[in-house]
Amino acid sequence: MRTVGVGVVGAGWMGRVHAASYSRLTHHYPDLGVRARLLAVADPVEELRLEAVQRFGFERAHEDWRELVADPDVEVVSVTTPTFLHAEIGEAVARAGKNLWIEKPVGLAPADTQRVGDAVSEAGVVGRVGFNYRLVPAVARARSLVRSGSIGTVTHARFRLLTDYAAHPGGVLSWRFEDARGGDGVVGDLVSHGVDLVRHLLGEVERVVADSAVFIASRPLPTGAGSHYAVAEGGPVGKVENLDYLSALMRTHAGAPVQLEASRVAVGDQNNYGFEIRGTRGSVAWDFRRMGELWVSSGEDYQNQPLTLSLAGPGDGDYGRFQPGAGIAMSYDDTKVAECADLMAAVVGTGGPGAGATLPDAVAAAEIMAALKDSAESQSWRQIAPR
């Protein structure tokens, strides 16, 4: 059993998810032969970093992330900070010879993401990106059905990422609503996941056209370092600088049209994420809120062919690592443990190529996201450079 020193930069919600994932690694993947040692956490907010030490047992805490990256005992670093810090920290981690687990989007622009990807490649370290929905066992089965031809040739598909975390007009103007710190808003936050799922399930995208909107143009200014779920009344307001909503039509290299819709202000929807993929002989559909279920139609009937509810179980992705039989629910946090295992297996060389997203996946997604935003502004189709 090899022990690997781990550092986590950012002690908010996602930092806690990463820390817990490292802690749970040997519970679900004892055969990997690796144990994570939570060496260091870094966060400028003292309360958060001290809480991380108490909750997860980090051996030391830093106000400055640079001290963590410079620690010779740290081999793997998680980057779970606000978006505008991702690229700077991610590149520094790789340049320091550390393995990298970084949340999406990796940068505010494709050039940022490419810079981190180049640093990972040049340093010869392992890099993984937080596109965890591709590691859901039901999604793994959907990919297998699509790739095996069980639903025939894909004819069209629809992906949705609709939620309400920014639907309240009193939601405070956190960094997520600023160009300089939050990037392109719903595009980096939600569309990025949709784009990765499209590529993972259907293959590369050839061209895109999009429309976008800002539905809540101003928000109350924050009074502290609160969550983007925080709501305020009265007081001064500021301008929302990035997108609330985006809808797109894509064409894959195989010729299938794909619809993608994402909103952070969808009243009545909480994490309504999912997809429907239709083919010449059937279809598959998945809803994140019922993540262990997959609706499948496959056969030769064409008309009046039944749609069957199928439950994920052992044999689908890493389901068997968490539960012994079909129908026992898994969680969002479980998918992050699977993501962590994919990373650590690559670090210690005990696993082959897994399903986890790499820096080239992040670069490809960033290029498509930039094309979507550009298309929405120009109201015209945009070609995606072949990969």
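Parameters and conventions
Residues numbered from 1 in each chain as written. Predicted model: local features only at pLDDT ≥ 70, side-chain atom pairs only at ≥ 80, totals over all residues. Heavy atoms only, no water. Helix = DSSP H or I, 4+ residues; strand = E, 2+ residues; numbered from the N terminus. Polar contact = N/O pair within 3.5 Å; in protein donor to acceptor, adjacent residues only side chain to side chain. Contact = heavy atoms within 4.5 Å. Buried < 20%, exposed > 50% of the residue type's maximum accessible area, 1.4 Å probe, protein only. Pairing = 2+ DSSP bridges. Right-handed = clockwise from strand over helix to strand, strands pointing away. Axes fitted to C-alpha atoms, helices over the stretch in contact; angles between N-to-C directions. Parallel < 35°, antiparallel > 145°, perpendicular 65-115°, else oblique. Nonpolar A, V, L, I, M, F, W, Y, C, P; charged D, E, K, R; others polar. Salt bridge = Lys/Arg side-chain N within 4 Å of Asp/Glu carboxyl O. Patch = residues over 30% accessible without salt bridge, like charges linked within 9 Å, V, L, I, M, F, W, Y side chains within 5 Å. Areas by Shrake-Rupley, 256 points an atom, 1.4 Å probe, with all protein chains shown as cover.

A. Structural context of the side chain of Asn-242. Within the secondary structure, Asn-242 is located in the loop between β10 (237-239) and β11 (245-252). Only 2.9 Å separates the side chain of Asn-242 from the backbone oxygen of Arg-176, close enough to count as a polar contact. Within the local environment of Asn-242, its side chain forms a polar contact with the backbone oxygen of Glu-178, the two atoms lying 3.5 Å apart. Leaving out residues up to four positions away in the same chain, Asn-242 has contacts with Arg-176, Phe-177, Glu-178, Asp-179, Gly-182, Gly-183, Asp-184, Gly-185, Val-214 and Arg-264.

B. The pairing of strand β5 (residues 99-102), seen in detail. Side chains Asn-99 and Trp-101 of β5 all project onto a buried face; the interleaved residues Leu-100 and Ile-102 project onto the opposite face, where all are buried too. In this structure, strand β4 (residues 76-79) lies alongside β5, joined through 4 bridges in parallel fashion. Note that in β5 the partner of Val-79 across the bridge is Ile-102. A crossover links β4 with its parallel partner β5, the connecting element being helix α4 (residues 83-95), and its sense is right-handed. Pairing of β5 with strand β6 (residues 127-129), which is carried by 3 bridges, proceeds in the parallel orientation. Each residue of the ladder has a partner; that of Leu-100, found in β6, is Gly-127. In the classification by handedness, the crossover that spans β5, the intervening helix α5 (residues 110-123) and the parallel β6 is right-handed.

C. Up close: the packing of helix α6 (residues 137-148) against helix α8 (residues 186-202). Viewed as axis vectors pointing N to C, α6 and α8 meet at an angle of 45°, and their least axial separation amounts to 9 Å. In terms of orientation, α6 and α8 fall into the oblique class. Residues Val-139, Ala-142, Arg-143, Val-146 and Arg-147 of α6 form the contact with α8, whose own contacting residues are Leu-197, Arg-199, His-200, Leu-201 and Leu-202. Taken together, the residues that form the contact of α6 with α8 break down as 6 nonpolar, 1 polar and 3 charged.

D. The arrangement of the sheet that holds strand β2 (residues 34-42) in detail. One open sheet holds the 6 strands; their spatial order is β3-β2-β1-β4-β5-β6, and the pairing between them is parallel. Two strands in the sheet have a free side with no partner beyond their single neighbour: β3 (60-62) and β6. Within this sheet the neighbouring strands show an average axis-to-axis angle of 25°, counted without direction.

E. Just the pattern of salt bridges, in detail. Applying the stated criterion across every chain yields a total of 35 salt bridges. Arg-2 is paired through a salt bridge with Glu-75; the nearest N and O atoms lie 2.4 Å apart. Here the residue Arg-2 occupies a position in strand β1 (residues 2-9), and Glu-75 occupies one in the loop between α3 (65-70) and β4, the gap between them amounting to 73 residues. A residue is classified by how much of its surface remains accessible, and Glu-75, at 26% relative accessible area, is partly exposed. Measuring nitrogen to oxygen at the nearest pair gives 3.6 Å for the salt bridge that ties Arg-60 to Asp-73. Placement of the pair is Arg-60 in strand β3 and Asp-73 in the loop between α3 and β4, with a sequence separation of 13 residues. Assessed through its relative accessible area of 44%, Asp-73 is described here as partly exposed. Salt bridges linked by common partners bring Arg-37, Glu-59, Arg-60, Asp-71 and Asp-73 together as one network.

F. Focus on a nonpolar patch on the surface. Taken together, the side chains of Trp-295, Leu-307, Leu-309 and Leu-311 make up a nonpolar region of the molecular surface, amounting to roughly 350 Å² of accessible area. Leu-307 gets classed as partly exposed once you look at its relative accessible area, which sits at 49%.

G. Representation of unusual backbone geometry. With an omega dihedral of -15°, the bond running from Lys-104 to Pro-105 counts as a cis peptide bond. Relative to the helices and strands, Pro-105 resides in the loop between β5 and α5. Although it is not a glycine, Asn-304 sits at a positive phi angle of roughly 60°. Assignment of secondary structure puts Asn-304 in the loop between β15 (293-298) and β16 (308-311). By relative accessible area, Asn-304 is classed as exposed at 79%.

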